[in-house]
Each structure stands twice: as C-alpha cells, then as structure tokens.
Amino acid sequence: MSRRHWIPIVFVMAYVLVSVPAAEGQGQGRIIGAVLDDDDDSPIPGALVRAENPGAARAFEATTGEDGRFAVVGLTSGTWTVIASAEGYAPTTSTAPVMQSVGQVVTVRLKRIPSRLEMAIGTEALAGRDAAALERDLDAADRAFNEQRWDAALAGYRALLDELPAFSDLLVSIGNTHRAKGDYEAALAAYEGLLTVEPDHEGARAEVARTRLAMGDLDAAAELESAATGGGASREDLFNLGEVAFASGDLDRAAELYRESSSVDPRWGKPLLKLGMVSLNRGDLDAAKEYFQQVVTRDPDSPEAAQAASTLAALP
C-alpha cells in the first residue's frame, strides 16, 4: 500500500471509533461505597452489590474487595435500588440518587444470620468453641440420618451433646434415630430425658406419642390428635391417626384424616390408597376407582401404585 492511501484510511477508522454511541441505557453515573458488618462495622469482602432501575436497560453489579469497598459504574441519572448480599448475612435493599456529575457514596450494613447452633443455644454457650466446626459436625450427623446411616448419625449427635450439653434438643434427634432403627425403648428414653429438663417441650411430647403409636399403643392416638389439631402433625401422623380410626370402624373420621394427610403431600400414595379402601367399604366403586387411579398417577413407583393397579384390574 502506498503512503498516499494510508492517511485517509486512518482518518476514516478514527472517525468510526470516535462516533460509536454509548450503550443504550448506560451513562457515566456511579455508586461507590462499602459493605460492612452491622455488629462491628468490619468490612465484608466478596459481597455482591446490584444496582437496578426500571428505566435502565439492565442491572449493574459489583463485588466488594477485601476492604469491603465497591464501585458500580455506567449508571444513568435517577433513583437506583441498591441490593447488597453476602453469604451468612441477610440481604439489604436501599436506594441511591445518581447524577452524572458526581458519584453517590453509599455505606451498606448487613446483619449476620445466626447459625443453627446460635439460635438453639445462644452465642454464650458457644464461647471459646469452634462454632463453624460444630456446625459442620451437626450437618454431617443430619446427613447421616437422611442417608439412613443410623449408627453414624447417633455417634454424631451424641458427640455434639457431650460437647454442648445445653443443646438438649439433640435428644429429639437421638430419639428419632433410635425410632428409625426400630429401637423404640431407646427412643422413648431419649425423649423422656428431654422432658426431664423441659417438661413442657411440645416436640418431645409429640415424639413420645408417635413412638407409642408405632409400638401399637392406640391410646397414644389421643395425644397425637391434639398435636394434629394444633397444626403440628406430619403427613405420617395424620395417616397413622387415620389407620387407628379405620381399624376402629370409624370410616368418616378415617377418610377425613387420610385426606388431611394427602393434602400435606399430594404425591404420597398411601393415604390415597386408603381413601380408595374406605370408598370400597362404603360400596362407592366410582370413588374407589378414582382414588386408585390417583395413586398410580401421582406415586407410580411405589408399592401402593402396584397394589392400586392390581385392585383396579380386579374391579368391574
């Protein structure tokens, strides 16, 4: 290329670059500031700050540095909503007026969310202990319970109770684990241990009733029903109460309890199957078929679905 062609080409390129307009909805305004812990004003690094405005084409985000400071740039003029969030803290929303000439300075304070242990026993009981490690131990014990590794769950709960005697609610977790293993006497002993410390502990009383009912003590149904009336009954509680009513021949009460159980978990096949059985006992074949079909549709991989399907096939 000869020299006489070079200058015009450079001129054209420069003109194109300079004349590119700013992105739609973006200006030169900015919000700067810091995100601090509300308790002691210490900086919170890694917090996400998001600026939103209904009139803008998009939201703008920034992350705080080690000093808790941030800068959100490229904002148009107007009132912007500033949302700050960080792991372990409750999000906070505020507003900031933005102008093109000066930056708006904002200080955001976030309140730390108490851990499970702090909420259960308070910060004083955790003084001098590694609260984060204890929280991980609790999560590990819960995970073992959910995975049906009962011995590991028991070991984890007992170790935590030894470390934190004030965390007496762990006796409920210990009792529930024993009950899941089928060791009802050990479960009752755990619940009674908690009731010795807290005689009015409604959760422990309900667990005693559940365990006694699982042991075949139908008299415990009255205590469990009182928990159901107060809204503290699980789907299993309501189903078991329905079983007691069904066994006693009270089909109306049984149907009511099965329906309540199903409303807690509409995809659970057991109460729907029993509603079908109640309908059969009443001679209502159409209603029975409808319930059995619901079992097959809502809980297709369950043993109840197989039973409902075979019953449907046998009905006229």
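Quick note: structure is the one above.
What counts and what doesn't
- Residues numbered from 1 in each chain as written.
- Predicted model: local features only at pLDDT ≥ 70, side-chain atom pairs only at ≥ 80, totals over all residues.
- Heavy atoms only, no water.
- Helix = DSSP H or I, 4+ residues; strand = E, 2+ residues; numbered from the N terminus.
- Contact = heavy atoms within 4.5 Å.
- Buried < 20%, exposed > 50% of the residue type's maximum accessible area, 1.4 Å probe, protein only.
- Pairing = 2+ DSSP bridges.
- Axes fitted to C-alpha atoms, helices over the stretch in contact; angles between N-to-C directions.

(A) View of the environment of lysine 181. Looking at where lysine 181 falls in the secondary structure, it is placed in helix α5 (residues 170–181). The spatial distance from the C-alpha of lysine 181 to the C-alpha of tryptophan 150 is 6.8 Å, given a sequence separation of 31 residues. Sequence-distant contacts of lysine 181, that is, excluding residues within four places in its chain, are made with Trp150, Asp151 and Leu154.

(B) Region of interest: unusual backbone geometry. A positive phi is found at aspartate 41, a non-glycine position, where the angle reads about 65°. Here aspartate 41 falls in the partly exposed class, since its relative accessible area comes to 39%. One non-glycine residue with positive phi stands out, namely glutamine 148, at about 65°. Structurally, glutamine 148 is set in the loop between α3 (131–146) and α4 (150–163). Glutamine 148 sits in the exposed class, given a relative accessible area of 56%.

(C) Up close: the sheet that holds strand β5 (residues 78–85). Strands sit in the order β3-β2-β5-β6 across an open sheet of four strands; the sheet is antiparallel. Strands with a single pairing partner mark the edges of an open sheet, and in this sheet they are β3 (60–63) and β6 (92–98). Here the average twist between neighbouring strands, direction ignored, is 25°. Bridge count for strand β2 (residues 48–52) against β3 is four bridges, and the pairing is antiparallel. When the bridges of β3 are listed, valine 49 appears paired with alanine 62.

(D) Spatial organisation of the pairing of β6. In this structure, β5 lies alongside β6, joined through seven bridges in antiparallel fashion. Paired with alanine 84 across the two strands is threonine 92, which belongs to β6. From the end of β5 to the start of β6, which pair antiparallel, there are six residues, and glycine 88 there has a positive phi angle of about 90°.

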